[in-house]
Structure formats: structure tokens, C-alpha cells
Amino acid sequence: SQRVGGLYVDKAWQGKGVGGALMNEIIAWADPKRPLELEVASYNERAKAFYRKYGFEEVKGSERLYNVIPVVEMIRKGEKQ
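Reference entry: report on the structure contained in this document. (Residues numbered from 1 in each chain as written. Predicted model: local features only at pLDDT ≥ 70, side-chain atom pairs only at ≥ 80, totals over all residues. Heavy atoms only, no water.)

1. Observations concerning the packing of aromatic side chains
Turning to step 1, where the next piece is worked out: This structure, assessed with the given rule, holds three aromatic pairs.
Turning to step 2, where the next piece is worked out: Note on Phe50 and Tyr51: the rings are 5.4 Å apart at their centroids and 70 degrees apart in plane angle, and the pair reads as edge-to-face.
Turning to step 3, where the next piece is worked out: Accessibility expressed as a relative area gives 7% for Tyr51, which makes it buried.
Turning to step 4, where the next piece is worked out: In this structure an aromatic cluster arises from ring pairing among Phe50, Tyr51, Tyr54 and Phe56. (Phe/Tyr/Trp six-rings, centres within 6.5 Å; stacked < 30°, edge-to-face > 60°. Buried < 20%, exposed > 50% of the residue type's maximum accessible area, 1.4 Å probe, protein only.)

2. As for the pattern of salt bridges
A side chain with one charge may pair with a side chain of the opposite charge, provided their charged atoms come close.
Turning to step 1, where the next piece is worked out: Considering all chains together, one arrives at six salt bridges under this definition.
Turning to step 2, where the next piece is worked out: Of the charged contacts, one joins Lys48 and Glu45 as a salt bridge, the two residues approaching to 3.1 Å between their closest N and O atoms. Taken together, the residues Lys48 and Glu45, both in helix α2 (residues 45-53) and three residues apart, mark about one turn of the helix.
Turning to step 3, where the next piece is worked out: You can call Lys48 buried: its relative accessible area is 5%.
Turning to step 4, where the next piece is worked out: By relative accessible area, which is 46% here, Glu45 ends up partly exposed.
Turning to step 5, where the next piece is worked out: With its nearest N and O atoms 3.6 Å apart, the salt bridge here joins Lys48 to Glu58. In this pair, Lys48 is assigned in helix α2 and Glu58 in strand β3 (residues 57-58), connecting sequence segments 10 residues apart. (Salt bridge = Lys/Arg side-chain N within 4 Å of Asp/Glu carboxyl O. Helix = DSSP H or I, 4+ residues; strand = E, 2+ residues; numbered from the N terminus.)

3. A closer look at the environment of Arg3
Turning to step 1, where the next piece is worked out: Inspection of the secondary structure puts Arg3 in strand β1 (residues 2-3).
Turning to step 2, where the next piece is worked out: Overall, Arg3 belongs to the partly exposed group, its relative accessible area being 44%.
Turning to step 3, where the next piece is worked out: The spatial distance from the C-alpha of Arg3 to the C-alpha of Ile26 is 10.0 Å, given a sequence separation of 23 residues.
Turning to step 4, where the next piece is worked out: In this structure Arg3 touches Leu36, Glu37, Leu38, Glu39 and Glu73, once residues within four positions along its chain are discounted. (Contact = heavy atoms within 4.5 Å.)

4. Quick look at the pairing of strand β5 (residues 69-76)
Turning to step 1, where the next piece is worked out: In this structure, strand β2 (residues 36-41) lies alongside β5, joined through six bridges in antiparallel fashion. When the bridges of β5 are listed, Glu39 appears paired with Glu73.
Turning to step 2, where the next piece is worked out: One ladder, built from two bridges, connects β3 with β5; its direction is antiparallel. Bridging from a neighbouring strand, Glu57 pairs with Ile75 of β5.
Turning to step 3, where the next piece is worked out: Hairpin connection from strand β4 (residues 64-66) to β5: two residues lie between these consecutive antiparallel strands, with Asn67 at a positive phi of about 55 degrees. (Pairing = 2+ DSSP bridges.)

The structure is reproduced here in C-alpha cells:
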């Protein structure tokens, strides 16, 4: 599978299309036939809503602690072969 290691936009640039431009580049770079995965802080509803706009879905039962931050796995399914 393919993994997004982190996608952070400075607060001053949030809401200005920067995150969307970055995500579009990630999706364009990725192999569309393979799933694309990431982790997000489980309490960050704004980020989870952002990723849902790009086809990511939360993986049930994937909650875990990353250092001290609770995270949840999200996945964008690859195209059917």
C-alpha cells in the first residue's frame, strides 16, 4: 500500500486551497490501482472531514496511540482491477 506520512498546513494558510492543492498532487503522484493510507488524530474532525472529501474513509477498529496522540487510520481505496 501507499502511505501519506503527514500533511500539515500552517494555520495562516488554512482555508486558502493549499491543503487541497497538496492532496491533489499526492493523489496524482500515487498509483491509482493501490490503496492510499494515512493516520490522523482521532479528535481532529476538521482534518477527517478534509480527507473524506478526497475519498478517504475511517478504518473501523484502527484507533491506537501514536506516542501520546490518539490516531485513526483512513484509507482511500484503489481502483478495482
